[in-house]
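# An overview of the molecular structure
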Amino acid sequence: MDPITNSSHGGSSLPGMGYGWEEEEQSSDRNQAAIERRFQEMPSHPDRIHIDLTRSQDDEVEQVEEENETMLGPEIAKVIEVVDLTTQPTPRRPRKILKPPRRNPSVALPNRCLDGYTHNDMEFKPGVTVEFAPVPELRLASFLLVQLVIHTETGIVLRGLPLTRTRNLRGQLPRLRNEVAFVFEIDKDDYRPDEEQAAIEIHATRVQNTRICHITNKNFPDHRYPKGIYKDTQDIEERGALVCRWACRFIWGDALKRLSNKPPTEFVVSRITADEVPKERFRAPDSCLVNMWRGGKVRGGSFVPDEPDAERLMINVDTSIQHGPIQDEWILKKQGQKYIFADMFCGAGGASCGAASAGFHVKLACDHAVSACNTYRIRYPDTDLREEDMYDFIMSMRASRYHVDVLHLSPPCQVWSPAHTTPGINDDANIAILFACHELVKMLRPRIFTVEQTFGILHPRFEYYFNALIHGFTQYGYSVRWKVVNLLVWGAPSQRQRLIMIGSCPGEELPPYPVATHSQTPQPGDATKPYRTVRKMLRRIPREATVYDDLHEPGRMKRTNKPRWNPDVPLTRTITCSGGVGNYHYSGRRDFTLREYAVLQGFPVDYQFQRPHQKKQIGNAFPPLVVEIIYKHLRRWLEQKDRVFATGEELSESEDDLDQSSEPDLGYASGSDRESDVEYTLHLDCG
C-alpha cells in the first residue's frame, strides 16, 4: 500500500488513546450507558457477523425517511433551528422590533472595576476560578473564570466565563474527572469576541470557594491532578485542580431568539487552541499536536506529482518543542500539488465529484453497492476504490499508515423512526455505522473531515446515538461543529435539508461553514445569487442528448396528465432514491428522465450512471454542486493556514460562469411539448 504520510500510532500522548474509561465516565442514564458500552465493545469483536452498512435497496426507504423527518420535525425544532427556505414569507404589517439590550456592557459609573476583592477569606481577582451552585440553563455550569470584579450598588459582582464539568455534556465529551469545558452562548448579531458577549455575572455571595483551573491545549492527561495526594474521589472533586481543554459554543441567529428560548442554529465542541492558552507552560504548539496525532502535515497538500511521499514538504517536528509557529513565510504550491481526499460510503461519487471540482486529489473511496461502484470506477479510474463491506475495509486497514488530508463520511444510517422505542436490529446497524465513522477517523487521521447525514438523528429520542457519534470524534481530540442546512443556500437546485458536520484534528483550527452563495431574494451587498431553478439547470442538457444519451429519452417515457408547474423555482421536493414523492416534469406529461434527475441533483451532464439502480444512485448522492462550494471553502482555508499560495490558475470551470450565461428565457409556458416533452431544449441554442 502506498502510504500517504507516516506516523507512529503508539504512545500514550495520543488524545483519547491508552486510557480506559474510568468508573465516573459511565453515564448515569442506563440506556445511554448501554449504547456507549456497545460502542466500546465493537473493536473486540472482529469475527462478529458483519452488518451491511450500504444503503438499503428498498425503494421505499427514502420515502419513509422523508415522511419520518416530517413527523420528527416539531421535536427536532426544539433542539436545533431548521428553516424552510422554500416557502414564501407571510406578509405582515410592519412593526417595530425592540432589540434586546446588549449583554455585558462596558462598566460605567456608578459601577466601577476593582483590582481585587476579599470575601470570606476568598480573594477574587481577574484570572481566578470560583465555584458556585450549578446553573441548569448553562449545562450545569458551576465554575467561573473571573474577568472583572465589579463594585455595584447592590454589592460585588464577578463577571467571567462559565465552565461545566465534561460529564454534564451528555456524552459528547469523555467524562474525565475534574475535566471542564467553557460554555459560550453566542449571538450572531453581536459582533464582539465570544469571550466578551458570552460572559455571565454572579454575585460574590454565591461563591462557594476558589479553585485552581489550568487552561491548556495539551492532550489528556497532561496537567491533570497529581495522584496519591487525595483521600478519595470526593476529595479530588472538591479540591483537585480542574483542567479545561475544550469550549462548547451554542450559536443563535440573534439575541432575540436566544432570549425567546428558541433553539440554537449551530453547535460547536472545539479544542482550546494555542492562542487561547494564557500561560506559556500550559501551551503546546499546534504543529506539535498535529505531529503527535498524524505524523505531521504537508503544506499545500500531500499529493505532489513525482513526489509520492512529499518528504521535502513534511512538517514533522520534535514534540518537545515549546515555541511558536514553524511556518511564518508563505510558500508557492508545487505544480499539480493538491490536498488528498477520501470518500467513505462514496456511492456513485457525488462527494468525490464535488471535491475534485474544488481542486482535491481523490485518492481513496469505499462502498459496498455493486452498481454504485461500477459507476464510480468508470468516473474515477485512478482512485483506489474498495468495493467491500465497510467493516471488512476497516479491519483490513487497521495496520496501515494510510493517511489523508480530508475525509468525507456519508454514513447511510437506518431510518430514524419516531416509532423506535425499544432496542432492535436498527440499533445494531446504526451502532456499527457510527462505530465505522469513528474508526475511519482514527485510521485515516484526516486534518479535516466532513459528515453529511439525515437530520432525523437530532430528534431527542435518538440523542444517545448522536452524542455517541460526537464522542467518537472528540475522544481522539477532534473539534466538531454541526448544523442543519437547506442545501439551496449552497447552490443545490432542489430542496434538501441535511445535517452537515465539519471536524478538525488536534492542532488544526476548526473551519467555519462557507457563507451562503444563493438566496431566495438576494439583497445588495450580500454577495448571493438567486436560487438555482429547475429551468436553468435543465438547460444544461444539450438538445442533441436525446440522440446519444440513454439516460435522457423523454419520448419513450410513460405519458401522464398532471398539473403543469412553474420551473422558474428550485425543485421544492427532495430527490430521493426513487425520484422523490411528487417529483415530475413541469410539463405534467411525464416523469423526469434520469439525466434530468442527475442534473437537478447537481451532477455534470456527462456523468454516466451504470445499471442497475441508476435512479437510486442519483438520489443517494451528496449533490456535487454543494460539495464543490463546501470544499472550495475548505481548500482555501487549508491554504491560508498552511500559508501557501497557488499560481492563480482556475482549478475547475467556474459555476459562476454557468449561472451567469446568457441563455434566452422565453417563459415557462412557451414552446412545444408534443413529441419529446423536452420543452426547455426548444428555447436553447446549444451550438
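Residues numbered from 1 in each chain as written. Predicted model: local features only at pLDDT ≥ 70, side-chain atom pairs only at ≥ 80, totals over all residues. Heavy atoms only, no water.

### Considering the overall build of the chain
When its secondary structure is counted, the chain shows 17 helices and 25 strands. By sequence separation, contacts in the chain at least 24 residues apart represent 72% of the contacts at least 6 residues apart. Roughly 30700 Å² of accessible area belongs to the chain as shown, and the carbon and sulfur atoms make up 50% of that amount. (Helix = DSSP H or I, 4+ residues; strand = E, 2+ residues; numbered from the N terminus. Contact = heavy atoms within 4.5 Å. Areas by Shrake-Rupley, 256 points an atom, 1.4 Å probe, with all protein chains shown as cover.)

### Let's talk about the packing of aromatic side chains
Summed over all chains, the structure comprises 22 aromatic pairs. If you follow Arg445 out to its NZ or CZ, it ends over the ring of Trp293, 4.0 Å from the centre. Directly above the aromatic system of Trp637 lies the positively charged group of Lys641, at a separation of 4.6 Å from the ring centroid. (Phe/Tyr/Trp six-rings, centres within 6.5 Å; stacked < 30°, edge-to-face > 60°. Lys NZ or Arg CZ within 6 Å of the ring centre and 35° of its normal.)

### Re the environment of Val569
Here Val569 is to be found in the loop between helix H13 (545-548) and helix H14 (594-600). Through-space distance from the C-alpha of Val569 to that of Pro530 is 9.5 Å; in sequence the pair is 39 residues apart. Dropping the residues within four chain positions of it, Val569 is found in contact with Arg532, Thr533 and Val534.

### Focus: helix H16 (residues 624-642)
An α-helix turns once per 3.6 residues; consequently, residues spaced three or four apart project the same way. Between its first and last C-alpha, H16 extends 26 Å over 19 residues, near the 27 Å set by a 1.5 Å rise per residue. Counting buried residues in H16 gives 15 out of 19 residues, a clear majority hidden from the surface. (Expected span 1.5 Å × (residues − 1). Buried < 20%, exposed > 50% of the residue type's maximum accessible area, 1.4 Å probe, protein only.)

### Overview of the nonpolar core
Judged by nonpolar contacts, the single largest core of 151 residues is most densely connected at Met344, Phe473 and Trp482. In this view, Met344 contacts Leu364, Ala365, Cys366, Met390, Phe393, Leu407, His408, Leu409, Ser410 and Leu440; residues no more than four positions away in its chain are not counted. (Core = buried A, V, L, I, M, F, W, Y, C linked by side-chain atoms within 4.5 Å.)

### What about the pairing of strand E19 (residues 406-409)?
Of the two faces of E19, both are covered, the one formed by Val406 and His408 as well as the one formed by Leu407 and Leu409. In terms of strand pairing, strand E16 (residues 340-344) meets E19 through 4 bridges, oriented parallel. Paired with Phe341 across the bridge in E19 is Val406. In terms of strand pairing, E19 meets strand E20 (residues 448-453) through 4 bridges, oriented parallel. (Pairing = 2+ DSSP bridges.)

### Side note on unusual backbone geometry
A cis geometry characterises the amide bond from Phe220 onward to Pro221, with omega recorded as 10°. The residue Pro221 is located in the loop between strand E10 (213-215) and helix H4 (233-239) in this model. For Asn104, which is not glycine, the phi dihedral falls at a positive 50°. Relative to the helices and strands, Asn104 resides in the loop between helix H2 (61-76) and strand E1 (112-114). Positive phi outside glycine occurs at Asp121, with the angle close to 65°. Turning to its location among the elements, Asp121 is positioned in the loop between strand E2 (117-119) and strand E3 (122-124). For Asp121, a relative accessible area of 79% translates into the label exposed.

### Structural notes on a nonpolar patch on the surface
There is a patch of nonpolar side chains on the surface, built from Trp330, Leu332 and Phe645 and spanning about 300 Å² of accessible area. Positionally, Phe645 belongs in strand E25 (residues 644-645). For Phe645, a relative accessible area of 39% translates into the label partly exposed. (Patch = residues over 30% accessible without salt bridge, like charges linked within 9 Å, V, L, I, M, F, W, Y side chains within 5 Å. Salt bridge = Lys/Arg side-chain N within 4 Å of Asp/Glu carboxyl O.)

### Overview of the pattern of salt bridges
Summed over all chains, the structure comprises 33 salt bridges. Taking the shortest distance from any N to any O, the salt bridge between Arg386 and Asp384 comes out at 2.9 Å. For Arg386, a relative accessible area of 16% translates into the label buried. In this structure, Asp568 engages Arg535 in a salt bridge whose closest nitrogen and oxygen atoms are separated by 2.6 Å. Linking Asp568 in the loop between H13 and H14 with Arg535 in helix H12 (residues 534-538), this pair joins segments that are 33 residues apart in sequence.

### Remarks on the environment of Asp550
Topologically, Asp550 is positioned in the loop between H13 and H14. What makes Asp550 partly exposed here is its relative accessible area of 41%. For the pair formed by Asp550 and Arg595, sequence separation is 45 residues and the distance between their alpha carbons is 8.7 Å. In contact with Asp550, other than residues within four places in its own chain, are Gln608 and Arg611.

### Topic: helix H11 (residues 463-474)
End to end, H11 covers 16 Å across 12 residues, agreeing with the expected 16 Å (1.5 Å per residue, within 8%). Burial of H11 is extensive: 11 of the 12 residues sit out of reach of the surface.

### Observations regarding the state of the cysteines
In total, this model carries 0 disulfides according to the counting rule given. With no disulfide of its own, Cys373 lies 5.5 Å from the sulfur of Cys346, the closest cysteine sulfur. (Disulfide = S-S within 2.5 Å.)

### Brief notes about the confidence of the model for the chain
Residue-level pLDDT values for the chain average 83, and 77% of them are 70 or greater. Scored below 50 in pLDDT, residues 86-91 makes 5 contacts in the model with residues more than four places away or belonging to other chains. Note on residues 417-422: pLDDT under 50 across the span, and 13 contacts to partners over four residues away in sequence or across chains. (pLDDT = per-residue confidence, 0-100.)

### Concerning the packing of helix H7 (residues 350-357) against H16
Look at H7 against H16: their axes get within 7 Å of each other, and the N-to-C directions meet at 45°. By the criterion of interaxial angle, the relationship of H7 to H16 is oblique. Viewed along their axes, H7 and H16 form a crossing whose handedness is right-handed. Contact residues: H7 offers Gly350, Ala351, Cys353, Gly354, Ala355 and Ser357, while H16 offers Pro624, Val627, Glu628, Tyr631 and Lys632. Partitioning the contact of H7 with H16 into residue classes produces 6 nonpolar, 3 polar and 2 charged. (Axes fitted to C-alpha atoms, helices over the stretch in contact; angles between N-to-C directions. Parallel < 35°, antiparallel > 145°, perpendicular 65-115°, else oblique. Left-handed = near helix turned anticlockwise from the far one by under 90°. Nonpolar A, V, L, I, M, F, W, Y, C, P; charged D, E, K, R; others polar.)

### Focus on the side chain of Thr164
If you trace the backbone, Thr164 turns up in strand E6 (residues 155-165). Using a relative accessible area of 0% as the deciding quantity, one classes Thr164 as buried. Each residue touching Thr164, except ones within four places of it in the same chain, is listed here: Arg139, Leu140, Ala141, Leu169, Glu179, Val180, Ala181 and Val183.

### As for the pairing of strand E17 (residues 361-367)
By the criterion of burial, E17 is predominantly enclosed, with 6 of the 7 residues buried. The sheet contact formed by E16 and E17 spans 5 bridges and is parallel. Across the sheet, residue Phe341 finds its bridge partner in E17, namely Val362. With H7 bridging E16 and the parallel E17, this β-α-β connection has right-handed handedness. Bridging between E17 and strand E18 (residues 384-387) involves 4 bridges; their strand directions are parallel. Opposite Cys366, over in E18, you have Arg386 as the bridge partner. Taking the sense of rotation as the criterion, the β-α-β connection linking E17, helix H8 (residues 370-379) and E18 turns out right-handed. (Right-handed = clockwise from strand over helix to strand, strands pointing away.)

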